[in-house]
Amino acid sequence: MSGIALVRKPGPRLADGLLSYVQREPVDPGLATRQHDAYVAALADAGWRPVYAEPADDLPDAPFVEDTVVISGRLAVLTRPGAEERRPEVASVASVVRGLGLKAVRITGSGTLDGGDVLQVGPTVYVGRSARTNDEAISQLAALLPERRVVPVDLDGVLHLKSAVTALPDGTLIGLAAHVNLSGLLEPAEEAGAHVVPLGGDRVLMAASAPRTAAALEKRGLKVITVDISEFEKLEGCVTCLSVLIP
Ligand SMILES: NC(=O)NCCC[C@H](N)C(=O)O
């Protein structure tokens, strides 16, 4: 086992999730459930033991667990999501991380942070300044992680930092230069190619919607595992946001 994958099943109200940059499209809750099961199975096959947060059927965006907690070593930073509607998602995730023996701390006061804005690459923690994440929270995060280098990143036209950029296992940043103020990015062939979940070793998880990027990464020597997450993509979710991997 590589560790734990914190996840949460989608509920019947998934289609009511928040949208910022895309038009609402019909969402098939049954298909979403099957896609989520396959996503969790892919993580499990790669050695990540799934641990489920309590269902939260009244909270449409609750399967996007990444936004509720940031893990650094044995510390779990519970977020204060930028969208007020999403704040009730945090309590049940707090119970899970405490149950796993992690030390839980919180973003508080006027700070707002979505985990989707936090990209950890070795000692560096990039944090997107977004409509969801503010400078107050970035300062709080830096104070909570004194041993890490916290780097604020300006975004343009995307929901979260990790909507635009993630990191390959060797630390190479892959992402869309048009949306993010970071240099030296490897440009993916498709927008969804910016979303990569390192699974350990040379393995990465990607969405089936980025086949050309997947082929390019295979050529670089990576083992790419793909999952179809179309129903979550309609809600501006991506492969990163459906889990929190806890090594
Ligand atoms: N980390 C992520 O990329 N989260 C996706 C959240 C999508 C959700 N519909 C939201 O707008 O909050």
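It should be emphasised that the depicted structure is a prediction, and the values quoted were computed from it without experimental measurement. (Residues numbered from 1 in each chain as written. Predicted model: local features only at pLDDT ≥ 70, side-chain atom pairs only at ≥ 80, totals over all residues. Heavy atoms only, no water.)

Draft legend 1. Structural view of the UniProt feature "active site" (unreviewed entry) in the chain. Following the UniProt record, one finds the feature "active site" (unreviewed entry) at His160 and Cys241. With the annotated positions falling across 82 residues, the maximum pairwise C-alpha distance of 10.1 Å places them together in a single cluster. With respect to the element layout, histidine 160 can be found in the loop between β8 (149-154) and α4 (161-164). If near-sequence neighbours (up to four positions away) are discounted, histidine 160 is found in contact with Asp67, Asp114, Gly116, Asp117, Arg132 and Leu155. There is a polar contact of 2.7 Å between the side chain of histidine 160 and the side chain of aspartate 114. Here cysteine 241 shows up in the loop between α6 (230-233) and β14 (244-246). Using a relative accessible area of 6% as the deciding quantity, one classes cysteine 241 as buried. In contact with cysteine 241, not counting residues within four places along its chain, are Pro63, Phe64, Val65 and Glu66. (UniProt positions renumbered as here; feature names shortened; annotations may be inferred. Helix = DSSP H or I, 4+ residues; strand = E, 2+ residues; numbered from the N terminus. Contact = heavy atoms within 4.5 Å. Polar contact = N/O pair within 3.5 Å; in protein donor to acceptor, adjacent residues only side chain to side chain. Buried < 20%, exposed > 50% of the residue type's maximum accessible area, 1.4 Å probe, protein only.)

Draft legend 2. The arrangement of helix α2 (residues 90-99) in detail. Within α2, burial applies to Val90, Ser92, Val93, Ala94, Val96 and Val97. Next to the buried residues of α2 lie β1 (3-7), β2 (48-52), β3 (69-72), β4 (75-78) and β5 (103-106). Downstream of α2 by one or two residues, glycine 101 has phi in the positive range, about 85°.

Draft legend 3. Quick look at the sheet that holds β1. Spatially, β2-β1-β14 is the arrangement adopted by the three strands of the open sheet, whose pairing is mixed. Because the sheet does not close on itself, it has two edges, and the strands there are β2 and β14. Between one strand and the next, the sheet's axes are offset by a mean angle of 30°, whatever the strand orientation. As defined by bridge partners, β1 adjoins β2 across five bridges and the pair is classed as parallel. Residue pairing across strands places leucine 6 opposite valine 51, the latter belonging to β2. Packing of helix α1 (residues 29-45) onto the sheet brings it into contact with β1, β2 and β14, and relative to β2 it is tilted by some 140°. (Pairing = 2+ DSSP bridges. Axes fitted to C-alpha atoms, helices over the stretch in contact; angles between N-to-C directions.)

Draft legend 4. Highlighting the site of the ligand. Around the ligand sit 14 residues, and of these Leu18, Glu66, Arg86, Arg132 and Leu235 come closest. In this structure, an oxygen atom belonging to the ligand sits 3.3 Å away from a side-chain N or O atom of histidine 160. A distance of 2.8 Å separates a nitrogen atom of the ligand from a polar atom in the backbone of leucine 235. Contact with the protein chains removes 99% of the 350 Å² of surface that the ligand exposes when unbound. Here the shell around the ligand is composed, by residue class, of five nonpolar, three polar and six charged. (Near = heavy atom within 4 Å. Areas by Shrake-Rupley, 256 points an atom, 1.4 Å probe, with all protein chains shown as cover. Nonpolar A, V, L, I, M, F, W, Y, C, P; charged D, E, K, R; others polar.)

Draft legend 5. Summary view of helix α5 (residues 211-219). The complete set of buried residues in α5 reads Thr213, Ala214 and Leu217. One side of α5 carries all its buried residues, which in axial view fall inside an arc of 100°. For α5, exposure combined with an orientation more than 90 degrees from the buried face picks out Pro211, Arg212 and Lys219. Lining the buried residues of α5 we find β10 (173-175), β12 (203-207) and β13 (223-227). A positive backbone phi angle near 100° is found at glycine 221, which sits one or two residues after α5. (Arc of directions from axis to C-beta.)

Draft legend 6. Quick peek at the sheet that holds strand β7 (residues 124-129). Taken in spatial order, the three strands line up as β6-β7-β8 in an open sheet, and their pairing is mixed. At either margin of the open sheet sits one strand with a lone partner, and together these are β6 (118-121) and β8. Neighbour-to-neighbour, the strand axes of this sheet turn through a mean angle of 25°, independent of strand direction. This element, helix α3 (residues 135-144), spans β6, β7 and β8 of the sheet and lies at about 165° to β7.

Draft legend 7. Summary view of the pairing of strand β11 (residues 197-200). In the sheet, β11 pairs with β12 via three bridges, with the strands oriented antiparallel. Pairing of glycine 200 across the sheet is with arginine 203, part of β12. Counting the residues that bridge the hairpin from β11 to β12 gives two residues, and of these glycine 201 lies at a positive phi of roughly 60°.

Draft legend 8. Molecular detail of the UniProt feature "binding site: substrate" (unreviewed entry) in the chain. Here the UniProt feature "binding site: substrate" (unreviewed entry) sits at Leu19, Asp61, Glu66, Asp67, Arg86, Arg132 and Leu235. Mapped onto the secondary structure, arginine 132 falls in the loop between β7 and α3. Take arginine 132: its relative accessible area is 9%, and that puts it in the buried class. On the secondary structure map, leucine 235 appears in the loop between α6 and β14. Classification of leucine 235 as buried rests on a relative accessible area of 4%. Ignoring sequence-local partners within four residues, the contact set of leucine 235 consists of Leu14, Ala15, Gly17, Leu18, Leu19, Arg24, Val27 and Phe64.

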